[in-house]
Amino acid sequence: MTKVFNFYTINPVISMKKILFLIIIPILLNTAVYAAYTVDIPDNSGYIVDEISVENSRYFKHTCTWEKIEQEEIIINKKKLTVHLDSSEHEFKLEAEVMPLNASDRRITYSSTNEAVASVDERGNITTYNVPGEATISAVSGKVSARCKVLVVKGVTGVTVSQSQLQLYADRPAAVALTASIEPPDASIDEVEWLTDDASIATVDQNGTVIPCGVGTTFVTAKTVDGGYTASCQITVDTFEKKKALPTLFYTDYSIKLEDAADIQLTANPTVFTSNTSPASYDDVKYYLNPQNFTDDYGLYQFLDLSGSNGMDADKINSYLAAKGVLENMGDVFINAAKKNNISEIYLAVHACLESGNGSSQLATGVEVNGVTVYNMFGIGAVDSDPVRGGAEYAYTQGWTTVEAAIEGGAEWISKNYVNSGQNTLYKMRWNPDRPGTHQYATDVSWASKQAKTLKNMFSAFPGAKLTFEFPIYKNQPEPTIRFD
């Protein structure tokens, strides 16, 4: 409501005070409003930040103009700096910013814990000297700080491994230790990372211990932490037993045409996964859906029947499980779990080895949940966001308090959800041709063919195994020529 003053009937002094009050108070209120800011931080700014977000008020604070805004953190562009002795580069810039950007005092002071190794000036310019050692550069503003660790080291110039070639046998596995030699021997940082090109053929731990898993050839590599130098050993894995059992093949006819099935599969939002995930095209789907594109070599193993026994006994499974952590000597457990759940004993064993890092993963060796140690051999429930916690919590709900219980429970889950629910091959797990576009293990169109390579490598470790292949044929497709090795 608007109030009208009659200046002819009220005291003029009082009237002037009221008028000034009405003018000044809105001005004061206006200066006390909360301010909102928008800031653009370029991607190439070089600062180390956790997340760029205006909503979380990291960069600017909403505040009254007369409030003092305290410093909350300092972000820097380097948290660690490694410099080699005799390096031609010894001047570096430590970029630092006080957050929020509208803090009342944004001044930064710099200091070094060891100026003989590295000094810093008032602008954050770091100078290193030809002296081996360590220094910590601190950036401080008010009560907050950030630190950059500076190492001046004798650099690595190369690496070699103890063997360039290694012959192993998958059906008589033995752990073999490789060693890495750093050059020069007195290099300051002598750590290496061990890597394998194909874990379905041979794995390696961070001590350089190699374990055969399947038949084939791969490379195990030692990579230096300092400099990234590499040296490799070629690993060839064969079977001591050469005689192979002849496989069994049968065909399953489907009443739907390949083209129509591809149309339906496309509605399930399939993907193509390389380094990134992207939507699959109709041609992508049709190619990987068509069984006749995979009639030999690795591709054929996506049609391997995973239900029923392969005729292996506990001794043969135990031979394969030798040197494989908590899975060693669990042959009887795998055999019994396979029989009980009508599933391949070889598939159970090799699947457990893959998922558990040959019986050495955190979930395989036991995780404590609510004071109880539980085990998970197949990674069931191990969600991407927190696989150890997810897998452990699922194991806890299932009562998997021993390795044996985890094997038996995992076998039941695999059988119930896939192998004996009409999806007894990798192809069926991916495409579910009886019900196209539903209940599929993966979205990647090439998932089955990728996994088939691993499956062949590992099943080849059992040359006497009885293998059965179920090959699908869509309406109007001819019977293909299948070529086994």
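Residues numbered from 1 in each chain as written. Predicted model: local features only at pLDDT ≥ 70, side-chain atom pairs only at ≥ 80, totals over all residues. Heavy atoms only, no water.

J.: Teacher, can you tell me more about the overall build of the protein here?
T.: What the protein contains, in helices and strands, is 11 helices and 24 strands. Out of the 485 residues belonging to the protein, those deemed buried represent 43%. (Helix = DSSP H or I, 4+ residues; strand = E, 2+ residues; numbered from the N terminus. Buried < 20%, exposed > 50% of the residue type's maximum accessible area, 1.4 Å probe, protein only.)

J.: Got a minute to help me understand the sheet that holds strand S6 (residues 118-120) in this structure?
T.: The strands making up a sheet associate through backbone hydrogen bonding, with each pair oriented either parallel or antiparallel. What the three strands build is an open sheet, ordered S3-S7-S6; its pairing is antiparallel. Taken across any chain shown, the strands that pair with only one partner, and hence form the sheet edges, are strand S3 (91-93) and S6. Within this sheet the neighbouring strands show an average axis-to-axis angle of 25 degrees, counted without direction. In terms of strand pairing, S3 meets strand S7 (residues 125-128) through three bridges, oriented antiparallel. Residue pairing in the sheet places glutamate 91 in a bridge with threonine 127 of S7. (Pairing = 2+ DSSP bridges. Axes fitted to C-alpha atoms, helices over the stretch in contact; angles between N-to-C directions.)

J.: Can you walk me through the pattern of salt bridges in this structure?
T.: Two side chains bearing opposite charge may form a pair once their charged atoms approach each other closely. Evaluation of the coordinates by the stated rule reveals 11 salt bridges. Two residues, lysine 428 and glutamate 470, come together in a salt bridge whose shortest N-O distance is 2.7 Å. Here lysine 428 is found in helix H10 (residues 426-431), whereas its partner glutamate 470 is found in strand S24 (residues 468-475), with 42 residues between them in sequence. Residue classification places glutamate 470 among the buried positions, given a relative accessible area of 8%. For aspartate 444, the salt bridge goes to lysine 450, with nearest N and O atoms at 2.8 Å. Residue classification places aspartate 444 among the buried positions, given a relative accessible area of 10%. Under the relative-accessibility criterion, lysine 450 is labelled partly exposed at 37%. (Salt bridge = Lys/Arg side-chain N within 4 Å of Asp/Glu carboxyl O.)

J.: It is not clear to me how the packing of helix H4 (residues 314-321) against helix H6 (residues 345-355) should be interpreted in this structure. Could you clarify?
T.: Angle between the axes and distance between the axes: these two values describe a pair of packed helices. At a minimum axis separation of 11 Å, H4 and H6 run at an interaxial angle of 20 degrees. With respect to each other, H4 and H6 are oriented roughly parallel. With respect to the hand of their crossing, H4 and H6 are arranged in right-handed fashion. Counting all contacts with H4, which are made through Ile317, Tyr320 and Leu321, the residues of H6 involved are Glu345, Ala349, Val350 and Cys353. Here the residues of the contact of H4 with H6 are counted per class, giving six nonpolar, no polar and one charged. (Parallel < 35°, antiparallel > 145°, perpendicular 65-115°, else oblique. Left-handed = near helix turned anticlockwise from the far one by under 90°. Contact = heavy atoms within 4.5 Å. Nonpolar A, V, L, I, M, F, W, Y, C, P; charged D, E, K, R; others polar.)

J.: How should the nonpolar core be read in this particular structure?
T.: Across soluble globular proteins, nonpolar side chains have a tendency to be buried as a group. The biggest cluster of nonpolar side chains holds 96 residues, and the ones touching the most others in it are Phe334, Met377 and Phe459. For phenylalanine 334, the contacting residues outside a window of four places in its chain are Ile317, Leu321, Leu327, Glu345, Leu348, Ala349, Ala352, Phe378 and Ile407. Membership of the second largest hydrophobic core comes to 23 residues, among which are Leu81, Leu94, Ile108 and Cys148. (Core = buried A, V, L, I, M, F, W, Y, C linked by side-chain atoms within 4.5 Å.)

J.: Any chance you could explain the packing of H4 against helix H5 (residues 331-341) here in plain terms?
T.: Interaxial distance between H4 and H5 falls to 8 Å at its minimum, and their mutual angle equals 125 degrees. With respect to H5, the element H4 is oriented oblique. You can see that H4 and H5 cross each other, and the crossing is right-handed. Residues Ala314, Ile317, Asn318 and Leu321 of H4 pack against Gly331, Asp332, Phe334 and Ile335 of H5. Of the residues in the contact of H4 with H5, the class split is five nonpolar, two polar and one charged.

J.: What's the story with the confidence of the model for the protein in this structure? I'm lost.
T.: Low-confidence regions, as indicated by low pLDDT, have predicted coordinates that should not be scrutinised in detail. When pLDDT is averaged along the protein, the result is 87, and 86% of the positions lie at 70 or above. The secondary-structure element of the protein with the lowest mean pLDDT is helix H1 (residues 12-31), recorded at 41, while strand S23 (residues 372-374) shows the highest, at 98. (pLDDT = per-residue confidence, 0-100.)

J.: Any chance you could explain the layout of surface pockets here in plain terms?
T.: Left-over empty space is what a probe sized like a water molecule reveals as it rolls over the atoms. As a volume, the largest pocket reaches approximately 650 Å³. Taken together, 23 residues form the lining of the largest pocket, with His351, Glu355, Phe378, Tyr441 and Trp447 sitting closest to its centre. Looking at the lining of the largest pocket, the elements with two or more residues in it are H6, helix H9 (403-419), H10 and helix H11 (447-459). Split by residue class, the lining of the largest pocket holds 16 nonpolar, five polar and two charged. Its volume calculated, the second largest pocket comes out at about 430 Å³. Lys244, Tyr301, Ser460, Leu467 and Asp485 are, among the 25 residues lining the second largest pocket, the residues nearest its centre. Here the element with the most residues in the lining of the second largest pocket is H11; it accounts for three residues. In terms of residue class, the lining of the second largest pocket is built from 14 nonpolar, three polar and eight charged. (1 Å grid on protein atoms, 1.4 Å probe; cavity = no way out; pocket = protein on both sides within 12 Å on 5 of 7 lines; lining within 4 Å. Points joined across faces, edges and corners; volume = space filled by probe spheres on them.)

J.: Any chance you could explain the packing of aromatic side chains here in plain terms?
T.: Pairs of aromatic rings are described using the distance from one ring centre to the other and the angle between the two planes. Under the criterion given, the structure shown has 15 aromatic pairs. When the centroid spacing of 6.2 Å and the interplanar angle of 75 degrees are considered together, the rings of tyrosine 251 and phenylalanine 471 count as edge-to-face. Placement of the pair is tyrosine 251 in strand S19 (residues 248-257) and phenylalanine 471 in strand S24, with a sequence separation of 220 residues. A relative accessible area of 27% places tyrosine 251 in the partly exposed class. A ring pair is formed by tyrosine 441 and tryptophan 447, whose centres lie 5.0 Å apart and whose planes are at 40 degrees; its orientation type is tilted. Each residue in the set Tyr251, Phe303, Tyr427 and Phe471 is aromatic and connected to the rest through ring pairs, giving one cluster. Across the ring face of tyrosine 298, the terminal group of lysine 456 is positioned such that the distance to the ring centre comes to 5.1 Å. (Phe/Tyr/Trp six-rings, centres within 6.5 Å; stacked < 30°, edge-to-face > 60°. Lys NZ or Arg CZ within 6 Å of the ring centre and 35° of its normal.)

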